[in-house]
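What the coordinates show
Chain residues, written in single-letter form:
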Amino acid sequence: MEQARFSGRRFLLITVLNVTITIFELLGGIVSGSLALISDALHNLSDSFSVILSYIAHRIGMRSPTPKNTYGYQRAEIIAALLNSLILVFLSVYLLIEAIKRIMQPEQVSGGVMFWTALISFVANLFATILLSRDSKHNLNLRATYLHLLSDALASVGVIIGSLLIFFFKISWVDPVVTILVSLYIAYEAWPIIRQTLMILMEGSPAIDPTEVKNTIMTIPSVRGVHHFHTWLINENELVASVHVNLANQSLRETELIYSQIEELLQKKYKIMHVTIQAECTRGLKDKMCFSKDDEKQQH
Ligand SMILES: [Zn+2]
Ligand SMILES: [Zn+2]
């Protein structure tokens, strides 16, 4: 099972690693006077928090549905991914402000201490990223955490390059400039996750065209009409839908067969795993697939 492989032990290892990197980098940042290092450390601190949050959400998401929460708890992970990404955006803005302050009031930075701290942090971050990458392909929450760690590793490369420039050329503005690049990168990585999680929470499913769904269902010979279609995502993988179909005045046994055909079609073509179908003879025959606000008033 995909989810079972994402073990608690690995999560613990990543968290311990992150906390260690944070303490180490923070000390290096204070000793060297480098804002870039301190910002990287703060970034790591938010990582530790986000890894813990992801893990808790993942555990909640694995719970079985209950009579009260009939869809289960999978959206816990969507909410955690959104929260993690929002934290990144706030961090990004904070770093941007601090860096601009530094450009206006430059401070002395020790390139040597900065270099070794950044190098060791980079290796540790890379290790944590590799640990996560294997599980992150099909899970938005894990991907949020993975991207986060990856951006850290890249940020550390920026800090390493910056430290070399400071060490060899004594250019002090490199430190805040690296900080700005790091902060922009964080925001850039967080944005798509914010968009996708909000889309899921807003009950959207942009990949499905209702007209195409209608045409697909109409290929079944005894279906006379299709209307009032809804589809939404439970999490980033699980699609559900509801739809009305117009059929002849036939027996329930015959209708059941059509239900099975519709389910099969929608599952094959759109990977909709759960469809609720309402059969009607003539009611709503002229209704649309999607209702606008005005249509909604006169619908059945
Ligand atoms: Zn990070
Ligand atoms: Zn209807």
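With an unreviewed UniProt entry as reference, the chain is termed CDF family cation diffusion facilitator, source organism Liquorilactobacillus satsumensis DSM 16230 = JCM 12392. Regarding the chain, the UniProt comment filed under Subcellular location (unreviewed entry) reads as follows: "Membrane". What UniProt states about the chain under its Sequence similarities (unreviewed entry) heading is, verbatim, "Belongs to the cation diffusion facilitator (CDF) transporter (TC 2.A.4) family. SLC30A subfamily."

Concerning the packing of aromatic side chains
Enumeration over the complete set of coordinates arrives at 3 aromatic pairs. Between Phe167 and Phe168, the ring centres sit 5.2 Å apart and the planes meet at 85 degrees, which makes this aromatic pair edge-to-face. Judged by its relative accessible area of 57%, Phe168 falls in the exposed class. Both rings, one in Tyr185 and one in Tyr188, keep their centres 6.3 Å apart while their planes meet at 45 degrees; by these two values the pair is tilted.

Quick notes on the packing of helix α2 (residues 35-61) against helix α4 (residues 111-133)
The interhelical angle for the contact between α2 and α4, taken along N-to-C directions, is 25 degrees, at an axis separation of 11 Å. As summarised for this structure, α2 and α4 are arranged roughly parallel, according to the angle between their axes. Like other packed secondary-structure pairs, α2 and α4 cross with a definite hand, here left-handed. Contacts between α2 and α4 pair Ala36, Leu37 and Asn44 from the former with Met114, Thr117, Ala118 and Asn125 from the latter. Class assignment for the residues of the contact of α2 with α4 results in 4 nonpolar, 3 polar and no charged.

Quick word on the sheet that holds strand β2 (residues 239-246)
Read from one edge to the other, the open sheet built from 3 strands follows the order β1-β2-β3, with strand pairing classed as mixed. The open sheet has two edge strands, β1 (225-233) and β3 (272-280), and neither has a second partner. Ignoring which end each strand starts from, the neighbouring axes of this sheet average 15 degrees apart.

Comments concerning helix α8 (residues 252-270)
Here α8 spans 26 Å end to end across 19 residues, near enough to the 27 Å set by a 1.5 Å rise per residue. Residues Thr255, Ile258, Ile262, Leu266 and Tyr270 constitute the buried set of α8. Looking down the long axis of α8, one finds its buried residues gathered within 70 degrees of arc, a one-sided arrangement. The exposed residues of α8 that point more than 90 degrees off its buried face are Arg253, Leu257 and Lys268. Immediately beyond the C-terminal end of α8, within one or two residues, lies Lys271, with a positive phi of roughly 60 degrees.

Rules used in this analysis
- Residues numbered from 1 in each chain as written.
- Chains lettered and ligands numbered in written order.
- Predicted model: local features only at pLDDT ≥ 70, side-chain atom pairs only at ≥ 80, totals over all residues.
- Heavy atoms only, no water.
- UniProt positions renumbered as here; feature names shortened; annotations may be inferred.
- Phe/Tyr/Trp six-rings, centres within 6.5 Å; stacked < 30°, edge-to-face > 60°.
- Buried < 20%, exposed > 50% of the residue type's maximum accessible area, 1.4 Å probe, protein only.
- Axes fitted to C-alpha atoms, helices over the stretch in contact; angles between N-to-C directions.
- Helix = DSSP H or I, 4+ residues; strand = E, 2+ residues; numbered from the N terminus.
- Parallel < 35°, antiparallel > 145°, perpendicular 65-115°, else oblique.
- Left-handed = near helix turned anticlockwise from the far one by under 90°.
- Contact = heavy atoms within 4.5 Å.
- Nonpolar A, V, L, I, M, F, W, Y, C, P; charged D, E, K, R; others polar.
- Pairing = 2+ DSSP bridges.
- Expected span 1.5 Å × (residues − 1).
- Arc of directions from axis to C-beta.

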